[in-house]
Amino acid sequence: MTSSHLVLGSAGLLLAIGLVMVFSASSIEAALDDQSAWAPGVQQLVWAVLGIGAMLVALRLPIGLIRRWSPIALIVVAVLLLLVLVPGIGVRLNGARQWIDLGFTYFQPSELGKLVFALWGAHVLALRERYLTTSSLLVPVVPVFGVLALLVIAEPDFGGVVSLGLVLVGLLWAGGMPLRWFGWAFLAGAALLGVVALLSPVRMARLTSFLDPFADPTNTGFQAIRGLYALATGGFWGVGLGNSAMKWNILPEAESDFIFAIIGEELGFLGCLVVIALYGVLAWAGFRIASRSADRFVQLACVGITVWLIGQAAMNMGYVVGLLPVTGVTLPLISAGGTSLILTLFIVGLLARFARSEPAAIEHQRTQPRGRIARLLLPVPTAAVEPVRPRRRPEEQRPTRTVGSGGRTLLHTRSRPAREVVPPAAPSDRDRERDRERGRGAADSRARPVPPRDRRPAGNGRRQGPTSGAPRRPGGPR
């Protein structure tokens, strides 16, 4: 059970750090807006409770059920990404139409799209494992990625496209894509950036502002500079929990996009090192599950999800420290946000579910005594490799067959086969004559006719006449 304990332990510690830092980073800004200083932290705590419920649901999901419904979920996600672009349905915040207003919170379909794409891609590649080639590895995964990326970039959400690309890289890497193809993909990405620079110099300046953020300190380099100031102020030990100066409405999005800067300011280099180490443990656990699992779908899904989570965390920490352009992606399990936190905890539950389906883990769970709550919340997986059953029962998928007979059509129902009713044979004159000789009346013979198909041969194994057991008269007809 080592893999499961590592996933749940590292994710739990990251969640605890995130809750504490959201309370600290959002309290001053909430107070300046005439709100309760505890309100944002309490709201994040509520999302965490809902996310833990989603994680428990993921721990009970059968792998076959996940694979069976992943194509339907992909269609639903594509529809949601289309709906978010419709004015009146999608909500525009910070210059991007990325959310759908649910009344009590904002839902971001692109976050759900990353998980569904990872599960669907793993399902498709696992089905093609026996005849997997480079073309079957790329199609239809890459075209579907292109469609989803176009929908996300139309919002626009450049960080969401990069995160979706991380899922694609993880799937292709786990599927066995040659490394030279990744090199060609890198060159294609560089060419795409060149096209963006020619078409939109403003967007290109925003992407390259991390190279020299002080060149435009009031616009493109505003957040990056203040993030660096926060890290420099924290030093090695930090200024102490709750003593950040940048959270006094100086650093924008301090509780979400730049929460790693607040960690560095209040907890110092040691606090940042602990966070990085926990993400490293989570990454090692995800790859460990992929290497020890017997199910090809689990291997592909674990690698895709792990590359996505750790890659997104590296992107967030990278642009905070000035190594990458500011893309607006959140720090998983730590940044404030309802949709991302619930989805990330659901993913943690999936990783733990995959870890519990390792062959050694299944044998251990079957031999250990388990209480009623453990059996209810954490059922033992039935097998290391679960079959993928169709969404309909096999008897419902068999087509109705027709059988032609005598100019009429008999329909074979699924409940019972059609049978031909054979009427009893009428007694012949020879049977009546023999019955009278044996002292039987003609009426008794008619009342108890013996059909020819039910007669049995005599005990000596020789075939008898029409009447079973009747003696043959000498010279009679054979």
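Above this text is the structure in question.
Given the structure is predicted, the values throughout are model-derived calculations rather than measurements.

(A) Fine view of the nonpolar core. Grouped together as the largest cluster of nonpolar side chains are 95 residues, with contacts concentrated most on L115, F117, F297 and F354. Setting aside residues no more than four positions away along its own chain, F297 makes contact with I63, I66, R67, L119, A122, H123, A126 and F354.

(B) Local environment of the pattern of salt bridges. Enumeration over the complete set of coordinates arrives at 4 salt bridges. The partner of K114 in a salt bridge is E111, and the shortest N-O contact between them spans 3.2 Å. Here K114 pairs with E111, and both are found in helix α4 (residues 109-127), just 3 residues apart, close to one helical turn. The pair formed by K114 and E111 is uniform in burial state, with each residue classed as buried.

(C) Here's a closer look at α4. Between its first and last C-alpha atoms α4 spans 27 Å; for 19 residues at 1.5 Å apiece the expected length is 27 Å, and the two agree. Burial of α4 is extensive: 17 of the 19 residues sit out of reach of the surface.

(D) View of helix α1 (residues 2-32). A rise of 1.5 Å per residue sets the reference length of α1, with its 31 residues, at 45 Å; its end C-alpha atoms lie 46 Å apart and thus fit the reference within 8%. S26 marks where α1 bends most, by close to 35 degrees. In the stretch just after α1, D34 is the one whose phi turns positive, near 60 degrees.

(E) Focus on the layout of surface pockets. When its volume is computed, the second largest pocket comes out at roughly 1,600 Å³. Every residue lining the second largest pocket is counted, 38 residues in all, and those nearest its centre are V161, V162, A185, G189 and L192. Elements with a minimum of two residues in the lining of the second largest pocket: α6 (141-153), α7 (158-175), α8 (179-199), α9 (201-207) and α12 (296-320). Looking at the lining of the second largest pocket, the element that brings in the most residues is α8, giving 11 residues. Residues belonging to the lining of the second largest pocket are distributed by class as follows: 32 nonpolar, 5 polar and 1 charged.

(F) Spotlight on the packing of helix α3 (residues 63-83) against α4. In contact at an axis separation of 8 Å, α3 and α4 are set at 140 degrees when each is read in the N-to-C sense. Where α3 crosses over α4, the handedness of that crossing is left-handed. Here I66, R67, S70, P71, A73, L74, V77, L80 and L81 of α3 lie close against α4, whose contacting residues are P109, S110, L112, G113, V116, L119, W120, H123, A126 and L127. For the contact of α3 with α4, a count of residues per class yields 14 nonpolar, 4 polar and 1 charged.

(G) Expanded view of unusual backbone geometry. Going from V139 to P140, the amide bond is cis rather than trans, its omega being 10 degrees. Following the sequence through the fold, P140 ends up in the loop between α5 (134-138) and α6. P156 follows E155 through a cis peptide bond whose omega is -5 degrees. On the secondary structure map, P156 appears in the loop between α6 and α7. Non-glycine residue L333 carries a positive phi angle of around 70 degrees. Inspection of the secondary structure assignment puts L333 in the loop between α12 and α13 (338-356). Residue L333 is classed as buried on the basis of its relative accessible area, which comes to 4%.

(H) Up close: the packing of α4 against α6. One can describe the packing of α4 onto α6 by two numbers: an axis separation of 11 Å at closest approach and a directional angle of 175 degrees. With respect to their mutual orientation, α4 and α6 come out roughly antiparallel. Contact residues: α4 offers S110, F117, W120 and L125, while α6 offers V141, V144, F145, L148 and V152.

What counts, and at which threshold
- Residues numbered from 1 in each chain as written.
- Predicted model: local features only at pLDDT ≥ 70, side-chain atom pairs only at ≥ 80, totals over all residues.
- Heavy atoms only, no water.
- Core = buried A, V, L, I, M, F, W, Y, C linked by side-chain atoms within 4.5 Å.
- Buried < 20%, exposed > 50% of the residue type's maximum accessible area, 1.4 Å probe, protein only.
- Contact = heavy atoms within 4.5 Å.
- Salt bridge = Lys/Arg side-chain N within 4 Å of Asp/Glu carboxyl O.
- Helix = DSSP H or I, 4+ residues; strand = E, 2+ residues; numbered from the N terminus.
- Expected span 1.5 Å × (residues − 1).
- Bend = angle between axes of the 7 residues up to and from the residue.
- 1 Å grid on protein atoms, 1.4 Å probe; cavity = no way out; pocket = protein on both sides within 12 Å on 5 of 7 lines; lining within 4 Å.
- Points joined across faces, edges and corners; volume = space filled by probe spheres on them.
- Nonpolar A, V, L, I, M, F, W, Y, C, P; charged D, E, K, R; others polar.
- Axes fitted to C-alpha atoms, helices over the stretch in contact; angles between N-to-C directions.
- Left-handed = near helix turned anticlockwise from the far one by under 90°.
- Parallel < 35°, antiparallel > 145°, perpendicular 65-115°, else oblique.

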